[in-house]
Amino acid sequence: MKIVTTVQEVRQQVAEWRKQGLTVGLVPTMGYLHEGHASLIDRSVSENDRTVVSDFVNPMQFGPTEDLQTYPRDIDHDAALVEAHGGDLIFHPEPSEMYHEGFSSFVDMTVLTQELCGLSRPVHFRGVCTVVTKLFNIVQPDAAYFGKKDAQQLAVIRHMVDDLNMNLRIVGCPIVREADGLAKSSRNTYLSAEERQAALVLSQSIRLGSDMVHNGTTDCAAIISAMQEHINTQPLAKIDYVKIVDAATMQPIPTLDRPALCAIAVYIGKTRLIDNFFTEDV
Ligand code: PAF
């Protein structure tokens, strides 16, 4: 397993693999890898001859008041995890390697990004689309692997790939949870012991909402209000949003009459966490 920091090194390595007729999977990450990332690497390793993991905290997808400076980083830990899971190459660039002076081209999307996280993080998806496009151009993978915890991100990336005729397969992988239900996230590391316990309201409310759906409730307002009520029992929790949207358009819907995504974002203390469930497989 190799770690490289320049675009040129990635291109050289991928070109060598291509000469040998090998397929390449890409797992884009911001590092501080956990079992959620490991599941993406496992999937890529099982479906491709070689797997590249990008490990880059992308400044462009953070708003001015967000946690860019404090976002956890640990390349040694990441390297050990990638190696243990059979990844072949880590691309770990400096911001200046990705965004040279005078950088001024962006990939933006006018649909799917206006709701959910797009409302509270207005620059986020432009940053994600731009960096993911760059990573696709640099690695030119056959397939790229993303977690369903970032369900809106996955929908946005699928849409971008379709709109811009990008020649690769996008694979969405299931949410990986701690034993007590909390969705794995690099941001969980910000939580104090008390907050870690409080954070369980997210997965509990997801379970509550999904049970209501499975028991036949189709009124979205009723599901949302039961979930909100549960989250509000926890004094350390502050709801950013609890929404049910059309899984294809990301627009809120009143009734469950089509495949839908129920998504939540909740602050636990200062840490913003997300979770979700789909009403049916999409
Ligand atoms: O999901 C993430 O970790 C990031 O948004 C991604 C896709 C690696 C782009 O920076």
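Presented here is an overview of the structure given in this document. Only a predicted model underlies this, so the values are computations on that prediction, with no experimental measurement involved.

About the cut-offs
- Residues numbered from 1 in each chain as written.
- Predicted model: local features only at pLDDT ≥ 70, side-chain atom pairs only at ≥ 80, totals over all residues.
- Heavy atoms only, no water.
- Helix = DSSP H or I, 4+ residues; strand = E, 2+ residues; numbered from the N terminus.
- Rg over C-alpha atoms; globule rule 2.2 N^0.38 Å.
- Buried < 20%, exposed > 50% of the residue type's maximum accessible area, 1.4 Å probe, protein only.
- Contact = heavy atoms within 4.5 Å.
- Axes fitted to C-alpha atoms, helices over the stretch in contact; angles between N-to-C directions.
- Parallel < 35°, antiparallel > 145°, perpendicular 65-115°, else oblique.
- Left-handed = near helix turned anticlockwise from the far one by under 90°.
- Nonpolar A, V, L, I, M, F, W, Y, C, P; charged D, E, K, R; others polar.
- Pairing = 2+ DSSP bridges.
- Phe/Tyr/Trp six-rings, centres within 6.5 Å; stacked < 30°, edge-to-face > 60°.
- Near = heavy atom within 4 Å.
- Polar contact = N/O pair within 3.5 Å; in protein donor to acceptor, adjacent residues only side chain to side chain.
- Salt bridge = Lys/Arg side-chain N within 4 Å of Asp/Glu carboxyl O.

**Quick look at the overall build of the chain**
Reasoning step 1: For the chain, the count of helices and strands is 10 helices and 9 strands.
Reasoning step 2: What you see for the chain is a C-alpha radius of gyration of 19 Å, in line with the 19 Å of a compact globule of 282 residues.
Reasoning step 3: Dimensions along the principal axes, computed over C-alpha positions, put the chain at roughly 55 × 40 × 40 Å.
Reasoning step 4: A total of 282 residues make up the chain; the buried ones form 53% of that total.
Reasoning step 5: Of the contacts made within the chain by residues no fewer than 6 positions apart, 71% connect residues no fewer than 24 positions apart.

**Thoughts on the packing of helix H6 (residues 124-139) against helix H7 (residues 151-163)**
Reasoning step 1: Between H6 and H7, the least distance of the axes is 11 Å, while the angle of their chain directions is 55°. Of the possible angle classes, the one that applies to H6 and H7 is oblique. Of the two possible hands of crossing, H6 and H7 adopt the one that is right-handed. Where H6 abuts H7, its residues Phe125, Val128, Cys129, Val132, Thr133 and Phe136 lie against Gln152, Gln153, Val156, Ile157, Met160 and Val161.
Reasoning step 2: Tallied by class, residues from the contact of H6 with H7 come to 9 nonpolar, 3 polar and no charged.

**What to know about the sheet that holds strand S8 (residues 260-268)**
Reasoning step 1: The antiparallel open sheet is built from 3 strands, whose spatial order is S7-S8-S9. Of all the strands in the sheet, just strand S7 (237-246) and strand S9 (271-278) have a single pairing partner and so form its edges. For this sheet, the mean angle separating the axes of adjacent strands, direction not counted, is 15°.
Reasoning step 2: Here 8 bridges tie S8 to S9, and the two strands are oriented antiparallel to one another. Along S9, the bridge assignment pairs cysteine 262 with phenylalanine 277.
Reasoning step 3: Strands in contact with helix H9 (residues 200-214) are S7, S8 and S9; relative to S9, the strand with the most contacts, it is inclined by about 20°.

**Considerations on the packing of aromatic side chains**
Reasoning step 1: According to the stated counting rule, one finds 5 aromatic pairs in the structure shown.
Reasoning step 2: The interplanar angle of 75° and the centroid separation of 5.9 Å between the aromatic rings of phenylalanine 62 and tyrosine 71 together place this pair among those described as edge-to-face.
Reasoning step 3: Ring-pair connections join several aromatic residues into one group, and the members of that group are Phe56, Tyr99, Phe103 and Phe106.

**Re the site of the ligand**
Reasoning step 1: Within the structure, the ligand sits among Pro28, Thr29, Met30, Asn58, Gln61, Val128, Val131, Phe146, Asp150 and Gln153.
Reasoning step 2: Between the ligand and glutamine 153 there is a distance of 2.7 Å, counted from an oxygen atom to a side-chain nitrogen or oxygen.

**Quick look at the pattern of salt bridges**
Reasoning step 1: Applying the stated criterion across every chain yields a total of 13 salt bridges.
Reasoning step 2: In the salt-bridge network here, residues are joined through shared partners; they are Glu35, Glu178 and Lys184.

**Quick notes on the pairing of S7**
Along a regular strand, successive side chains alternate from one face of the sheet to the other.
Reasoning step 1: The element S7 is largely enclosed, with a buried count of 7 among its 10 residues.
Reasoning step 2: Relative to S8, S7 is paired through 9 bridges, and the arrangement is antiparallel. Within S8, the residue paired with lysine 238 across the bridge is tyrosine 267.

**Comments concerning the sheet that holds strand S1 (residues 2-4)**
Reasoning step 1: Taken together, 6 strands build an open sheet; the order of strands is S1-S4-S3-S2-S5-S6 and the sheet is parallel. Both outer strands of the open sheet, S1 and strand S6 (169-173), are each paired with one neighbouring strand and no more. Taken over all neighbouring pairs, the strand axes of this sheet differ in orientation by 25° on average, direction set aside.
Reasoning step 2: Taken strand by strand, helix H1 (residues 7-19) contacts S1, strand S2 (24-29), strand S3 (50-55) and strand S4 (89-91), and its axis lies near 150° from that of S4.
Reasoning step 3: Against the sheet, H6 makes contact with S2, S3, S4, strand S5 (143-147) and S6, and its axis sits at roughly 150° relative to S2, the strand it touches most.

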